Number of protein chains: 2
Amino acid sequence: MQPFNIHILGCGSALPTRKHQPSCQVVELRGKLIMIDCGEGAQLSWRHTRLNWQNLTHILLSHAHGDHVFGLPGLISTMGLLGRQAPLFIHGPSSLEPFIACVLNEFCCDLGYEVHFDAVDSTSHRLLFEDRSMEVWTLPLRHRVPCCGFLIREKAGLPHIRREMIDFYEIPTWAINNIKAGQDWTLPDGTTVPHTRLTTPADPVRTYAYCSDTKPFAELAAWIENADLLYHEATYAMSEATLADKYWHSTAAQAAQIALKAQVKKLMLGHFSSRYDNEEILLTEARPVFPNTILAQEGLNISL
Amino acid sequence: MQPFNIHILGCGSALPTRKHQPSCQVVELRGKLIMIDCGEGAQLSWRHTRLNWQNLTHILLSHAHGDHVFGLPGLISTMGLLGRQAPLFIHGPSSLEPFIACVLNEFCCDLGYEVHFDAVDSTSHRLLFEDRSMEVWTLPLRHRVPCCGFLIREKAGLPHIRREMIDFYEIPTWAINNIKAGQDWTLPDGTTVPHTRLTTPADPVRTYAYCSDTKPFAELAAWIENADLLYHEATYAMSEATLADKYWHSTAAQAAQIALKAQVKKLMLGHFSSRYDNEEILLTEARPVFPNTILAQEGLNISL
């Protein structure tokens, strides 16, 4: 299977701590890199990965709170210094436009590449963009300001050739791609061998859902149903449920309930409040609801 | 002596590395904290110090290059979240005003304290501000954009009381402060004891000079003469002298020449280009010119 990895660069919330960086992660799918949120220090954390700047094509920003975007100026500048030429596409709520325009005007006059900002409608669930490898969908979240989650769905690959059948029928190499694409094969005696006999099905498509920041709401489950991995904010433990409600955040148990309802395969909790020295409390509260739950942490790479 | 410490939070240059953060340092003088430059990650590095946010009153920004200011949005926001109420004074070239205004408008609507921006004239050497403890002077530097160094000079303290003389003349406690302030003491028999007999001189005043970013120029030496510590950028080694000239930076040897000419007590090199895995080369080139040279590094605290 082609790599589909999630690299966690930061999973803290507004107040940085010695343990956590602000929100930032990088999705690696078939060699392409998509950054989701870009908290302060994103470029510094990136330096500790083996990811290649050149492969970063899109940045998805959930909302206009500093802990999700203050890494952007440095990241844009540094890629310029490193000689980037390929355009960079940034997607996020329109409220981010003045900030990005200011950074480009004040600090990026001689940037060697183009930055395109795409104002995302954070009120509807729709296809944001797609390419040969993936579809990226918006997930309208419910936070104090316009906020958008993202769902990244791999596109179906081609079926796998059954090497032993190809050998058996002595099918030439030039025909392989046609067979993978769905063409049957005709033997010298005129008999047709259906392509389904010559192949095994393509790998199942994988899906990643990023939901931060948001209060819990049941409608979300339908959009992220069966996702292989759900990253859901769990800013607070149950004892701070009132705060979670007041600030439009979620508790770990609420995140787990969404995961359960959506029947995702795995839940990763993140966006931790700085009040927890140890986030095990969040895991303890989530797992009774949804057992396959893990905690995000800086440096964690998850393969779907 | 009252503490006069320099805390290095970052001493890299434009491209961050695994070793160095972008420019940021904190000057601690008689309990007050002044930040000089605020590269990305400043607030994150601050978390690793024992410095108290509440004591930070001023931020001095040298120039409008991202590696000197991209930590500002996060720092301002975080102090707001931490409940800061005291005003914060930011000084820097006027070219920084649109960026700071944008950050305040877009992300700091409910900030609980005031941020005052003071556009500094980076073309003249003049007193920027003073209080009971210090004077802060501008140092007009020569960089590709308007750029300003800073000189922080401690104000003279009071002389020290000679305890044995006070006891000998049986001088009451209430008179001590007057004597420190320069009043003589009259004995019961009418004899005058001059205050200079009752005190030893105040501690010598100490001076710190921050010069980054700049190409070398001889006039600088007069403004920073006899400084206890000079932080001077040394972006390049001698082999990159052409680059240093092209980008209006200095080599380590050039920084050492300024230190020598200004007869400062100690030179600290910083603003290292990312090309050096090991900055010993810079030290090797500076010390033959000015022996009392050290390299800045993150986490280094220097007491003057």
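Placed above this text is the structure.
Quantities reported herein were computed from a predicted structural model and do not represent experimental measurements. Each chain has its residues counted from 1, following the order in which its sequence is written. All chains are assigned letters beginning with A, and all ligands numbers beginning with 1, in the order in which they are written. Restriction of local features to residues with pLDDT of at least 70 applies here, the model being predicted, together with a cutoff of 80 or more for giving and counting side-chain atom pairs; totals for whole chains, interfaces and linings are based on all residues. The side-chain values count all of the structure's non-hydrogen atoms but skip hydrogen atoms and water molecules.

(A) Spatial organisation of the relation of the copies chain A and chain B. A least-squares superposition brings the copies together, and it is based on the C-alpha atoms of residues with pLDDT no lower than 70 in both. The two copies are related by a screw motion: chain A maps onto chain B through a turn of 180° and a shift of 0.0 Å along the axis, at an RMSD of 0.0 Å. Such a combination of turn and shift is consistent with a two-fold rotation axis. No C-alpha of chain A approaches the rotation axis more nearly than that of Gly 41 of chain A, which lies at 2.7 Å. Of all interface residues in chain A, 100% are interface residues in chain B too; the two copies therefore contact each other through one and the same surface. Two residues form a contact once any of their heavy atoms are found within 4.5 Å.

(B) Molecular detail of the nonpolar core. Working definition of a nonpolar core: buried Ala, Val, Leu, Ile, Met, Phe, Trp, Tyr and Cys residues. They are joined through side-chain atoms within 4.5 Å. Exposure categories follow from relative accessible area, calculated using a 1.4 Å probe and restricted to protein chains: below 20% of the type maximum is buried, above 50% is exposed, and the middle band is partly exposed. Membership of the largest hydrophobic core comes to 64 residues, with the highest contact counts inside it found for Met 35 of chain A together with Met 35 of chain B. Residue contacts for Met 35 of chain A: discarding those within four places in its chain leaves Cys 24, Gln 25, Val 26, Ala 42, Trp 46, Leu 56, His 58, Ile 59, Leu 60 and Leu 75 of chain A.

(C) Fine view of the environment of Asn 226 of chain B. All names here are of chain B. Helical segments are the DSSP runs of H or I of at least four residues, strand segments are the runs of E of at least two, and each set is numbered from the N terminus. Topologically, Asn 226 is positioned in the loop between helix H8 (220–223) and strand S15 (229–233). Measuring from C-alpha to C-alpha, the distance between Asn 226 and Tyr 208 comes to 9.6 Å, with 18 residues separating the pair along the chain. Asn 226 has contacts with Ala 262, Gln 263, Val 264 and Lys 265, leaving out every residue within four places of it along the chain.

(D) Molecular detail of the state of the cysteines. Residue and element names in this part refer to chain A. Disulfide: a pair of cysteine sulfur atoms within 2.5 Å of each other. Applying the stated rule across the entire model yields zero disulfides over all chains. Free of any disulfide, Cys 11 has its nearest cysteine sulfur in Cys 24, 11 Å distant. The class for Cys 11 is buried, based on a relative accessible area of 0%. In this structure Cys 211 is not part of a disulfide, and its nearest cysteine sulfur, from Cys 147, lies 9.3 Å away. Residue classification places Cys 211 among the buried residues on the basis of a relative accessible area of 0%.

(E) Representation of the pairing of strand S1 (residues 4–10) of chain A. Residue and element names in this part refer to chain A. Judged by how many residues are buried, S1 sits mostly within the fold: seven of seven residues are covered. For two strands to be treated as a pair, DSSP must find at least two bridges joining them. Sheet topology places S1 next to strand S2 (residues 24–29); six bridges connect them, and they run antiparallel. By the bridge assignment for S2, Phe 4 is matched with Leu 29.

(F) Quick look at the environment of Ala 119 of chain B. All names here are of chain B. Structurally, Ala 119 can be placed in strand S6 (residues 115–120). Judged by relative accessible area, Ala 119 falls into the partly exposed class, the value being 37%. Ala 119 sits 105 residues away from Ala 14 along the chain, and the two C-alpha atoms are 23 Å apart. Residue contacts for Ala 119: discarding those within four places in its chain leaves Gly 92 and Ser 94.

(G) Local environment of the sheet that holds strand S6 (residues 115–120) of chain A. All names here are of chain A. Overall, mixed pairing links the seven strands, which are arranged S6-S5-S4-S3-S2-S1-S18 in an open sheet. Where the open sheet ends on each side, the last strands, each with one partner, are S6 and strand S18 (301–303). Ignoring which end each strand starts from, the neighbouring axes of this sheet average 20° apart. Every angle, taken between N-to-C directions, lies between 0 and 180 degrees, and every axis is a line fitted to C-alpha atoms, over only the stretch in contact when it is a helix.

The analysis is restricted to geometry; functional conclusions fall outside its scope.
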